[in-house]
There are 2 protein chains.
Amino acid sequence: MLKFIVTMITISKEDYLKEIYALSLFTDEPVSTSKIAEKLNITNAATSDMAKKLSALDLLSYEKYKGVKLTEKGRTIALNTIRRHRLWETFLIKTLGLNWGEVHDEAEVLEHQTSEFLMDRIDQFLNFPEFDPHGDPIPTKEGLMPVLPEVVCLTEAEIGKTYIIQKVDHDNKEVMDYFTKLGIELYSEIALEDRMKFDNSVFVSINNIRHTFSQQVASKLFVVNKNI
Amino acid sequence: MLKFIVTMITISKEDYLKEIYALSLFTDEPVSTSKIAEKLNITNAATSDMAKKLSALDLLSYEKYKGVKLTEKGRTIALNTIRRHRLWETFLIKTLGLNWGEVHDEAEVLEHQTSEFLMDRIDQFLNFPEFDPHGDPIPTKEGLMPVLPEVVCLTEAEIGKTYIIQKVDHDNKEVMDYFTKLGIELYSEIALEDRMKFDNSVFVSINNIRHTFSQQVASKLFVVNKNI
DNA sequence: CAATAAACTTAAGCATGCTTAAGTATATTA
DNA sequence: TAATATACTTAAGCATGCTTAAGTTTATTG
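The residue numbering used here restarts from 1 in each chain and proceeds along that chain's sequence as written. Here every chain gets a letter starting at A, and every ligand a number starting at 1, in the order they are written. Whole-chain, interface and lining totals are the exception, using all residues; otherwise, since this is a predicted model, local features are given only for residues with pLDDT of at least 70 and side-chain atom pairs are given and counted only at 80 or more. As a convention, hydrogens and water are excluded, and side-chain values are obtained from all of the structure's heavy atoms.

**Comments concerning the overall build of chain A**
For the purposes of this entry, the term helix denotes a DSSP run of H or I that reaches at least four residues, the term strand denotes a run of E that reaches at least two, and both are numbered from the N terminus. The secondary structure content of chain A amounts to 8 helices and 8 strands. When its C-alpha atoms are laid out on the principal axes, chain A stretches across 65 × 45 × 30 Å. With a 1.4 Å probe rolled over the protein chains alone, any residue whose accessible area is under 20% of its type maximum counts as buried; one over 50% counts as exposed, and the rest are partly exposed. Taken over 228 residues, chain A has a buried fraction of 46%. Two residues qualify as a contact provided that any one of their heavy atoms is within 4.5 Å of a heavy atom in the partner residue. Expressed as a percentage of contacts within chain A between residues at least 6 apart in sequence, the contacts between residues at least 24 apart total 62%.

This is the structure:
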């Protein structure tokens, strides 16, 4: 049984819910506590503990040894946290001219500290954007996720075709800084010229300049066919 | 003796240091723990406890039953927190058009959560302002406080003279919203027409419109002589 | 100047969120 | 299917920052 009363949504709890949401995106299976622990860089023990607390708050369902699943209530909080994160990123890029690699860490802390009033004003200032500067959809205030165009990862794209960059995985700052240095932006045109069988490196052309990306770097870019 | 090790600057600690700085502004006397407790709306016990911790960190000197005084190190942290607060206020007003009453509470949480990098970018964006939208000086990155022009409180001003509003005490949101509603802004011209002996109400004229302010409301406004 | 009031501190305790160490359940494999 | 490895949970403990209750010091006043 729980040893104490759990009442408040805290920064930690928002981070758990956000991470569980991300880990649930492509599966219907419950998320294991160890997977969460790994992502949040804490021990399994801490995650088990928190699972009980969040379960007591009806933010997720938790079966011992089986893992965790968000409830509607938990999903709503996760989406709202993601919303605040992505609005902050958009706002900082728009007002201060920060670049792809600079916004994530800032938004990571600001997302937990912003009143609904301020978030609404930022949303309005940005004219209610559907996508953030990395191409990720911004959940609406009502918790609806705008639908991203059907994208394909650059590692899976067809040789000889020209694409538009529609989304970028920005979990790695170093790679983002590299893209910024090359002048690559969202909605840049990118022609996939060839792929090397040896290690799946790709040869691309962006703004008429040729680049070679390793498979790992290419896997960060998601594109749509230019002629759609 | 302290029961445990104290290492980190936390949000709470920044709030203590900021409050002690504010309470030390017009006196050389040590600040009593009860005064701090009252301002921060916590118990004296908590303040005594924290005094020991901050003293262990060499952020203030603390003599039991005598009160507390910031060290240079503590003063630096307080000033930096105030700097972040006032830059945020200035930024939110400039970008989002928030008004006098709307920024304080937002800045109060954001001030603790902003990297030096982001603060520098905001500072640069605002062109290194010396004063915030309430007329308060913004400490520089080096911890220097810009010198405010010699102001006088409206409660002490001379009848018959015309002044410029140079600073506003914005600790009360209701009063700020009232000023906003009247269209009163920083650097507005204000003519002091009369003062009632009964309760020290003042009759003023701003933008050619007459207002009556209670002494309490008037005490929020600080002015300089128009013809200087 | 002693009694008392006011101010302040200490002690014990609790909520949060983490850790390490030990214990239990599930999965694997011989 | 029993032994063992892996995954997961529980228990104990600690740092932070607060509370209430009890104890101590300083200030006040008759």
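**A short note on helix H3 (residues 44–56) of chain A**
All names here are of chain A. Between the first and last C-alpha of H3 there are 19 Å, a value that for 13 residues agrees with the 18 Å anticipated at 1.5 Å per step. Listing the buried residues of H3 in full gives Thr47, Met50, Ala51, Lys53 and Leu54. At its buried positions, H3 is contacted by helix H1 (11–24), helix H2 (33–40), strand E1 (60–63) and strand E2 (67–70). One or two residues past the end of H3 sits Asp58, with phi positive at roughly 65°. Each residue after the first adds 1.5 Å to the expected span of a helix.

**Things to note about the protein's contact with DNA strand D**
The environment of DNA strand D is made up of 26 residues, and the closest members are Ser34(A), Ser48(A), Tyr62(A), Ile5(B) and Thr10(B). In these notes, residues near a molecule or strand are those with any non-hydrogen atom within 4 Å of it. Expressed as a percentage, the sugar and phosphate content of the atoms of DNA strand D within 4 Å of the protein is 78%. In the environment of DNA strand D, a phosphate oxygen lies 3.1 Å from a nitrogen or oxygen atom belonging to the backbone of Tyr65(A). Between a phosphate oxygen of DNA strand D and a side-chain N or O atom of Lys13(B), the distance comes to 3.0 Å. Examining the composition of the surface near DNA strand D, we find that 5 residues originate from one element, helix H3 (residues 44–56) of chain B, more than from any other. Residue classes follow a fixed rule: Ala, Val, Leu, Ile, Met, Phe, Trp, Tyr, Cys and Pro count as nonpolar, while Asp, Glu, Lys and Arg count as charged, and any other residue, Gly among them, counts as polar. For the surface near DNA strand D, the residue count by class is 12 nonpolar, 9 polar and 5 charged. Residues adjacent in sequence count toward polar contacts only when both atoms are side-chain atoms; beyond that, a polar contact is any pair of N or O atoms within 3.5 Å, and within protein one must be able to donate a hydrogen and the other to accept it.

**Observations regarding the sheet that holds strand E4 (residues 162–168) of chain A**
Residue and element names in this part refer to chain A. Note: two strands are recorded as paired if DSSP finds a minimum of 2 bridges between them. Spatially, 6 strands are ordered E3-E8-E4-E5-E6-E7 in an open sheet, and the strand pairing comes out antiparallel. Two strands in the sheet have a free side with no partner beyond their single neighbour: strand E3 (152–153) and strand E7 (209–213). Direction of pairing for E3 relative to strand E8 (residues 221–225): antiparallel, over a ladder of 2 bridges. Within the sheet, the bridge partner assigned to Cys153 lies in E8 and is Phe222.

**Some words on the domain arrangement of chain A**
Residue and element names in this part refer to chain A. As assigned here, chain A comprises domain 1 (11–70), domain 2 (83–147) and domain 3 (152–225). Each domain's extent was defined by an automatic or database domain assignment. A separation of 24 Å is found between the C-alpha centroids of domain 2 and domain 3. Residue-level contacts link 10 residues of domain 2 with 12 residues of domain 3. At the boundary of domain 2 with domain 3, total buried surface from both sides reaches about 980 Å², with 62% on carbon and sulfur atoms. Broken down residue by residue, the surface that domain 2 buries against domain 3 is led by Trp100, Gly101 and His134, which jointly contribute 57%. In the sections that follow, a salt bridge refers to a side-chain nitrogen of Lys or Arg positioned within 4 Å of a carboxyl oxygen of Asp or Glu. For the pair domain 2 and domain 3, the interface holds 1 salt bridge. Among the salt bridges present, the one from Asp136 reaches Lys167, with a minimum N-O distance of 3.5 Å. Summed over the shared surface of domain 2 and domain 3, the number is 4 residue pairs in polar contact (both at pLDDT 80 or more). Sorting elements by how many residues they give to the side of domain 2 that touches domain 3 places helix H5 (residues 100–110) first, with 3 residues. Its residues placed into classes, the side of domain 2 that touches domain 3 shows 2 nonpolar, 5 polar and 3 charged. Note on definitions: buried area is the accessible-area loss of two parts on being combined, 1.4 Å probe, summed for both.

**Observations concerning unusual backbone geometry**
Residue and element names in this part refer to chain A. Notably, Asn127 is not glycine yet its phi reads approximately 65°, a positive angle. When you line up the elements, Asn127 lands in the loop between helix H6 (116–125) and E3. One non-glycine residue, Asn200, lies in positive phi territory at about 65°. Tracing the chain through its elements places Asn200 in the loop between strand E5 (189–195) and strand E6 (202–206). The partly exposed category is assigned to Asn200, whose relative accessible area is 32%.

**Observations concerning the environment of Ser34(B)**
Inspection of the secondary structure assignment puts Ser34(B) in helix H2 (residues 33–40). Taking the C-alpha atoms as reference points, Ser34(B) and Asn225(B), 191 residues apart in sequence, are found 38 Å from one another.

**Some details on the pattern of salt bridges**
Residues and elements named next belong to chain B. This structure, assessed with the given rule, holds 34 salt bridges over all chains. The salt bridge partner of Lys18 is Glu111, with a shortest N-O separation of 3.0 Å. Taken as a pair, Lys18 in helix H1 (residues 11–24) and Glu111 in the loop between helix H5 (100–110) and helix H6 (116–125) lie far apart in primary sequence, 93 residues in all. We classify Lys18 as buried; its relative accessible area is 15%. Judged by relative accessible area, Glu111 falls into the buried class, the value being 0%. The partner of Lys35 in a salt bridge is Glu38, and the shortest N-O contact between them spans 3.6 Å. With Lys35 and Glu38 both in helix H2 and 3 residues apart, the pair spans about one turn of that helix.

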